[in-house]
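Listed here are the chains, written in short residue letters.
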Amino acid sequence: LYGILRTSIISVIVKLVLLELTREEESALKGEQGEIMQMAYRILVATGEATDAEKLIPIEWAHLSGVNYNTIGDAGEEFLSGISKNARVKVKTTLNPMGFDIDNVSNYGLDDNFISKQLSIRKSYETMGVTPSFSCIPYEIFDMPKEGTQVSFAESNAAIHANSFDNLKTNKESSFSALASAITGKSPYSSLRKEDSPNLTIRMKIDNPNELTYGMLGFFAGKVGNNSVNISGVGEMDRRSCKALCGGMGTSGTCAKFLFGDGDPGCEKVDFDKKEMNDIHDELNTAEKGDLITLGSPQLGLEEISDLTGKLKGRSFKKRCMIFCPRTVKEQASKIGYTNELERAGCEILADCCTCLTPLISKDNVDSVTTNSIKGAYYLKNSNGVGVNLKSLSQIIEDETR
């Protein structure tokens with residue numbers, strides 16, 4: 001796909017576009033600033049035309065997907081290796097998780113080709129000036145810019161969190177459009193970058209929800225919503241529940257923003273009650289038990305690591321438990337002493353990677369996985385091809401520890 005896109009973009013004849021472009025943008029589009037800038041602007045112009053954008057606007061931060069070799073393959077690795085010779089990012093740019101934690105990759109029996117190609121992808125991004133954060137929760141490990149700032153986030157849960165909790169502005173970007181934005185510092189002014197009033201309200205009807213409930217609410221919202229939705233009937237949520245809501249919503253559809261409340265009086269109303277919740281649970285829960293436990297999709301932040309450490313005091317898991325978090329969080333947790341406690345409880349703590357799409361979890365050696373993540377469940381089921389046993393964190397600790 002990367003190779004096909006690159007070939008088609010480079011061979012396209014520059015044409016009059018509907019967007020209002022500056023003189024500098026037109027120059028880049030004509031190839032007067034080099035092949036890389038021409039390619040990047042053509043991606044943005046094509047995206048802008050498809051989304052009825054009026055113009056391109058500056059962004060301050062790009063967060064890129066397209067990092068895991070499992071997802072981009074040989075074509076993606078070759079594409080990045082090629083453009084990294086000349087491409088450099090113009091704005092702060094961070095990265096989604098890759099396929100493994102380099103500190104303990106030797107423990108998982110990955111083939112040398114995967115390791116080599118993954119390291120090549122990492123090198124290409126670093127050569128372009130990208131911060132090797134390898135995290136799907138940039139909103140927890142970086143300082144947030146001021147409200148209203150335009151960013152370009154390709155990671156779906158991060159885009160939703162940025163729009164809904166951080167008061168930033170981003171569309172749900174593709175790996176290509178976010179990379180083009182990083183290289184140019186621009187993005188099409190369309191959709192959620194403008195003021196948006198949802199025309200659908202989802203009424204939460206579940207009492208005493210936990211993070212799994214919020215993940216299913218998000219999954220439901222992603223299915224029935226368009227660009228954005230209102231959500232009513234929701235009380236105060238902790239960090240875990242907020243992330244679960246964003247992760248679930250980003251998995252199931254195009255919806256990339258929610259507002260709390262009933263919205264305008266004319267909004268269509270849809271209920272999320274036990275029927276909808278059970279339907280989603282039945283769709284994603286395919287096993288009665290798991291061979292191992294995974295926590296961290298989205299990755300766990302320091303607050304969640306602290307909470308988990310407290311919950312496991314005096315207890316230990318009866319089976320393997322893989323915990324995924326950003327490297328910076330793992331380092332902080334180690335200094336505080338959390339990692340020693342978690343390892344004592346039988347946890348494997350992995351940085352730079354995530355439950356989703358990692359080759360560390362394979363149907364060749366695992367039949368099913370227990371998780372509290374709707375996002376993780378979706379990808380474990382549909383991409384890794386393993387069974388999924390869905391439980392809340394409190395239920396996992398009750399059932400799976402001693």
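Residues numbered from 1 in each chain as written. Predicted model: local features only at pLDDT ≥ 70, side-chain atom pairs only at ≥ 80, totals over all residues. Heavy atoms only, no water.

Peer 1: Please explain the packing of helix α9 (residues 211–224) against helix α10 (residues 239–252) as it appears in this structure.
Peer 2: Packed helices, taken two at a time, are described by their axes: the angle between them and the distance between them. Remark: α9 packs on α10, axes separated minimally by 6 Å, with the N-to-C direction vectors making an angle of 30 degrees. Of the possible angle classes, the one that applies to α9 and α10 is roughly parallel. Judged by the twist between their axes, the crossing of α9 over α10 is right-handed. Contacts between α9 and α10 pair E211, Y214, G215, L217, G218, F219, A221, G222 and K223 from the former with R240, S241, A244, L245, G248, M249, T251 and S252 from the latter. The residue inventory of the contact of α9 with α10, partitioned by class, reads 7 nonpolar, 7 polar and 3 charged. (Axes fitted to C-alpha atoms, helices over the stretch in contact; angles between N-to-C directions. Helix = DSSP H or I, 4+ residues; strand = E, 2+ residues; numbered from the N terminus. Parallel < 35°, antiparallel > 145°, perpendicular 65-115°, else oblique. Left-handed = near helix turned anticlockwise from the far one by under 90°. Contact = heavy atoms within 4.5 Å. Nonpolar A, V, L, I, M, F, W, Y, C, P; charged D, E, K, R; others polar.)

Peer 1: Help me understand the nonpolar core in this model?
Peer 2: Burial of nonpolar side chains together is a common tendency in soluble globular proteins. L64, L80, I83, Y125, L217, V229 and F272 are the most contacted members of the largest nonpolar core, which has 89 residues in total. Here the element with the most residues in this core is helix α3 (residues 35–50); it accounts for 8 residues. Those residues in contact with F272, other than ones at most four positions away along the chain, are I202, R203, M204, K205, I206, T213, M216, L217, F220, M277 and I280. With 20 residues, the next largest nonpolar core counts I293, L295, L312 and C347 among its residues. (Core = buried A, V, L, I, M, F, W, Y, C linked by side-chain atoms within 4.5 Å. Buried < 20%, exposed > 50% of the residue type's maximum accessible area, 1.4 Å probe, protein only.)

Peer 1: Please explain the environment of P265 as it appears in this structure.
Peer 2: Relative to the helices and strands, P265 resides in the loop between β8 (258–260) and β9 (268–272). By relative accessible area, P265 is classed as exposed at 81%.

Peer 1: I tried to follow the pattern of salt bridges on my own but got confused; where do I start?
Peer 2: If charged atoms from side chains of opposite charge come close, those side chains can pair. What the rule picks out here adds up to 23 salt bridges. Across the salt bridge formed by K243 and E140, the nearest N and O atoms sit 2.6 Å from each other. Here K243 is found in helix α10, whereas its partner E140 is found in helix α6 (residues 138–141), with 103 residues between them in sequence. For E140, a relative accessible area of 22% corresponds to the partly exposed category. Put simply, R327 and D352 hold a salt bridge, and the shortest N to O gap is 2.8 Å. Of this pair, R327 sits in helix α13 (residues 327–336) while D352 sits in the loop between β12 (347–351) and β13 (368–371), and the two are 25 residues apart along the sequence. (Salt bridge = Lys/Arg side-chain N within 4 Å of Asp/Glu carboxyl O.)

Peer 1: What exactly am I supposed to notice about the sheet that holds strand β10 (residues 292–295) here?
Peer 2: If you walk across this open sheet you meet the 5 strands as β12-β11-β10-β13-β14, and the pairing is parallel. Both edges of this open sheet fall to β12 and β14 (387–390), since each of them pairs with a single strand only. Across the sheet, the mean angle from the axis of one strand to that of its neighbour is 25 degrees, orientation sign disregarded. Strand direction decides the pairing type here: strand β11 (residues 321–325) and β12, joined by 5 bridges, are parallel. Paired with C325 across the two strands is A351, which belongs to β12. Lying on the sheet, helix α16 (residues 393–400) is in contact with β10 and β13; it crosses β10 at an angle near 150 degrees. (Pairing = 2+ DSSP bridges.)

Peer 1: How should the confidence of the model for the protein chain be read in this particular structure?
Peer 2: Keep in mind that low pLDDT regions are not for reading the predicted coordinates in detail. Of all residues in the protein chain, 96% attain a pLDDT of 70 or more, and the chain-wide mean is 94. Across residues 7–16 the pLDDT falls below 50, and counting only partners more than four positions away or on other chains, this stretch makes 13 contacts in the model. (pLDDT = per-residue confidence, 0-100.)

Peer 1: In this structure, what is going on with α3? I would like to understand it.
Peer 2: Along an α-helix, residues three or four apart share an orientation, since each turn contains 3.6 residues. An ideal rise of 1.5 Å per residue puts 22 Å on 16 residues; α3 measures up with 23 Å between its terminal C-alpha atoms. Those residues of α3 that fall on the buried side of the exposure criterion are I36, M37, Q38, M39, A40, Y41, R42, I43, L44, V45 and G48. Positioned one or two residues after α3, D52 has a phi angle of 60 degrees, which is positive. (Expected span 1.5 Å × (residues − 1).)

Peer 1: What is the right way to look at the sheet that holds strand β2 (residues 61–64) in this model?
Peer 2: The pairing of strands in a sheet happens through backbone hydrogen bonds and is either parallel or antiparallel. The strand order β3-β2-β4 describes an open sheet built from 3 strands, whose pairing is parallel. Looking along the sheet, the strands with just one partner apiece sit at the ends: β3 (92–95) and β4 (152–153). With 2 bridges connecting them, β2 and β4 associate as parallel partners. Opposite H63, over in β4, you have F153 as the bridge partner.

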